Structure formats: C-alpha cells, structure tokens
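# Geometric and topological summary
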Amino acid sequence: MRTYRVTHRTSYVYRGEVSTSFGRAHLLPSDRPRQTCVDAAVIVTPRPAEQHEHTDAFGNRSTYFAVTSAHRELTVLAESTVAVAPAVAPSPRAWEDVRDGLRTDPDHIDARGYALPSPRLGPDPAVTAYALPSFPPGRAIADAALDLSARIHRDFRYVSGSSTVRSSVADLFASGEGVCQDFAHLAVAGLRSMGLAARYVSGYLETRPPPGRPKLAGADASHAWVSVFTGVSGSTGVSGSTGDGWYDVDPTNDRAVDDSFVELAHGRDYADVPPLRGVIFSSGGAGSELTVAVDMIRLDNG
C-alpha cells in the first residue's frame, strides 16, 4: 500500500476586475476498489458565497463554487491524502468474449454505456483501422489493450503544449504529436471501435527525479490514461487491473497502471471530467494568466 499527499493549486490572475466567478471542479479523489481517499478538501480564495460537493453520474466527486465578491485573482487549492493498493491481475479472457458479454450479460449493463460514442469521441473509420492490428482473434483483452497502448506510444510524439483541451483525435493523426489527453482519447476511441467499453481517466502519476537529485516542488502533473472493461477481475499481483473488472493502461508512458497512479475521476472523455472549468463576469476585459502546480508526495516508506 502506498500513501500520497496530493496538492493541486490552480491560480488565475485577471487583467481586470471580475465581479463573479462560477466554477465546477473534479479535484477530489473518490474511493475505488484499490484506492481509499483518507481526506480531501477544496479551498477557494476569495472565499465563495456558495460551495457544494456532489457525486456526478459517473461516480466522481464534483465541487461547485460561486465567488460573488469583486476580485482580480482566483485560487483553487485541492488537497488530499490517498492510499493506493497494488494492482491485481486482469482477466485472461479473449477480447471477443468480453465484447460479446457486454451485449448480452445483464451484470455488465453499467459498463455498456462506455462502449457507446461520446461527445468528443464519435465513430471514425481511421480510428478503427488504426486499432484493428492490436486485436487478432483470440487475443487476451489485457494484451490487446497493452499492445494498442504501446503502438500509440511508439507512433506519436509527446510534445508539451502541442495541443489544447479542444484538440481531437483527427488533430493527433494529422500532426503526429500530442499530450496525455490526446493519447488517452485515441486509446479510448480505439477500444470502443472494437465494441469494447473504455473510460477516460484523469489523475496523477508520481514522478521520480534522477538519482541523487531532489524532487522539485510542483513537478508532478495532472495525467490521463485509459481504462478498459475486461468482464471479470483476476488474482492479485499484476499491474493494471483495478479489481472490479477494469484494466488501466497508460499510453503516454507505455505501461500498465500501478500504485504510483492516483485516480481523480473517470468519464466517457475529457469533457466529462475536466479538473476545473467555469464562467466569470467582468465589466472590462478579463483576460487572465493561469498557473497550475501539482505536488504528489509519498508519505509511506514502502
């Protein structure tokens, strides 16, 4: 079991005075089969007139806030302590069996919605053609997901700042470069094109400095990866499975997800689970300077 203290600070400095800010955040980890949120809080400055938490349609914790006093800066600070257990082995079932079970097994009705197109990830023949080589007949679903992840890692360049939150899978194909959000979107779309259920997952990955170098404050980053429904969970000991029939892989780093990852939220695509979005009202120009800093500090000695 690994335990982390996660701090995620988002700051806006506005060029003009803002009268009101409304925001919605997905910054509080939820309990998952391998993950326990020990404590968590979102602190908004200036102090909001309203702040409420609820559970969204996907089982994620969501925070709403409204700042109604005039301000030129807005800071949203999320702090949490999260314990993460080792991953368990995925199901060895062939991917076709999982696909067919999604259509017929009443126990899989909750997963079935993740096999459908979503607002950002509709049907695309180019995606299907790209994914198909990873899915030969009879291949275990975990092996197919890992192969697709590895191919995305190999075929596309990770370039920080090369895309925006509005970038599409078509943009990734055209440019050949992107960031973790783009790679996760392609993996989700590719898995769905094979009739499988796949979720977009947002969270954090612990970063490790080079040997002998101290860890830098703010060096950890928000991250994104993909989770595929495998039908059944397996035995303990192998990276990737969450223990509830879902198997997580990280195409950005070409690896199965293990206990160095903390999940914040999952949905059909990025649009369901952005870390923070909102609306501001200003009488003048209200351009802003945005800074984001994330720290993921290991608390245990394991």
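Everything numeric here is computed off the predicted structure, so don't read it as measured data.

The subject of this paragraph is the overall build of the chain. Helix and strand counts for the chain come out as 6 helices and 16 strands. For 302 residues, the compact-globule estimate of 2.2 N^0.38 gives 19 Å, and the chain sits close to it at 20 Å. The principal-axis extent of the C-alpha atoms belonging to the chain is close to 60 × 45 × 45 Å. Long-range contacts, defined here as pairs at least 24 residues apart, represent 75% of the contacts in the chain between residues at least 6 apart. For the chain, the accessible surface area stands at approximately 13500 Å², while carbon and sulfur atoms represent 53% of it.

What follows concerns the nonpolar core. One finds Leu27, Phe135, Ile152, Leu186, Leu191, Leu196 and Tyr204 to be the most contacted residues of the largest nonpolar core, which totals 60 residues. In this view, Leu27 contacts His8, Val42, Val76, Ala78, Tyr204, Leu264 and Pro275; residues no more than four positions away in its chain are not counted. If you look at the next biggest cluster of nonpolar residues, it comprises 6 residues, including Leu102, Tyr114, Ala197 and Trp246.

Here we have 5 strands laid out as an open sheet, ordered β13-β12-β10-β9-β14, and antiparallel in their pairing. Each having just a single partner strand, β13 (255-256) and β14 (261-267) make up the two edges of the open sheet. Strand direction decides the pairing type here: strand β9 (residues 198-205) and strand β10 (residues 221-229), joined by 8 bridges, are antiparallel. The residue of β10 that forms the bridge with Leu205 is Ala221. Packing of helix α6 (residues 180-193) onto the sheet brings it into contact with β9 and β10, and relative to β10 it is tilted by some 5°.

Let us now look at the confidence of the model for the chain. The predicted model of the chain averages 91 in pLDDT, with 92% of residues at 70 or higher. In the model, residues 233-239 has pLDDT below 50 throughout and makes 25 contacts with residues more than four positions away in sequence or in other chains.

We now examine the pattern of salt bridges. A full pass over the atoms with the stated rule returns 14 salt bridges. The partner of Glu263 in a salt bridge is Arg32, with the nearest N and O atoms 3.0 Å apart. Residue Glu263 is found in strand β14, and its partner Arg32 is found in the loop between β1 (2-28) and β2 (35-45); the two are separated by 231 residues along the sequence. A relative accessible area of 17% means that Arg32 is categorised as buried. Arg154 is the salt-bridge partner of Asp155, the closest N and O atoms lying 3.0 Å from each other. Overall, Asp155 belongs to the partly exposed group, its relative accessible area being 34%. Through salt bridges with shared partners, a single ionic network connects Arg2, Glu206, Asp259, Arg298 and Asp300.

It is worth spelling out helix α4 (residues 141-155) at this point. In a regular helix each residue adds 1.5 Å, so 15 residues correspond to 21 Å; α4 covers 21 Å between its end C-alpha atoms and thus fits that length. Burial in α4 covers these residues: Ile141, Ala142, Ala144, Ala145, Leu148, Ser149, Arg151 and Ile152. Tucked into the core, α4 has its buried residues touching β6 (88-90), α1 (95-104), α3 (125-131), α6, β10 and β12 (246-250).

All told, the structure shown has 12 aromatic pairs when counted by the stated rule. Residues Tyr114 and Trp246 carry aromatic rings whose centres are separated by 5.6 Å and whose planes lie at 85° to one another, so their mutual orientation is edge-to-face. Taken together, the positions of Tyr114 in the loop between α2 (109-112) and α3 and Trp246 in strand β12 put the pair 132 residues apart, joining distant regions of the chain. Like Trp246, Tyr114 is buried. If you follow Arg151 out to its NZ or CZ, it ends over the ring of Tyr130, 4.4 Å from the centre. The ring of Trp246 carries the charged tip of Arg199 above its face, separated from the ring centre by 3.8 Å.

Conventions used here
- Residues numbered from 1 in each chain as written.
- Predicted model: local features only at pLDDT ≥ 70, side-chain atom pairs only at ≥ 80, totals over all residues.
- Heavy atoms only, no water.
- Helix = DSSP H or I, 4+ residues; strand = E, 2+ residues; numbered from the N terminus.
- Rg over C-alpha atoms; globule rule 2.2 N^0.38 Å.
- Contact = heavy atoms within 4.5 Å.
- Areas by Shrake-Rupley, 256 points an atom, 1.4 Å probe, with all protein chains shown as cover.
- Core = buried A, V, L, I, M, F, W, Y, C linked by side-chain atoms within 4.5 Å.
- Buried < 20%, exposed > 50% of the residue type's maximum accessible area, 1.4 Å probe, protein only.
- Pairing = 2+ DSSP bridges.
- Axes fitted to C-alpha atoms, helices over the stretch in contact; angles between N-to-C directions.
- pLDDT = per-residue confidence, 0-100.
- Salt bridge = Lys/Arg side-chain N within 4 Å of Asp/Glu carboxyl O.
- Expected span 1.5 Å × (residues − 1).
- Phe/Tyr/Trp six-rings, centres within 6.5 Å; stacked < 30°, edge-to-face > 60°.
- Lys NZ or Arg CZ within 6 Å of the ring centre and 35° of its normal.

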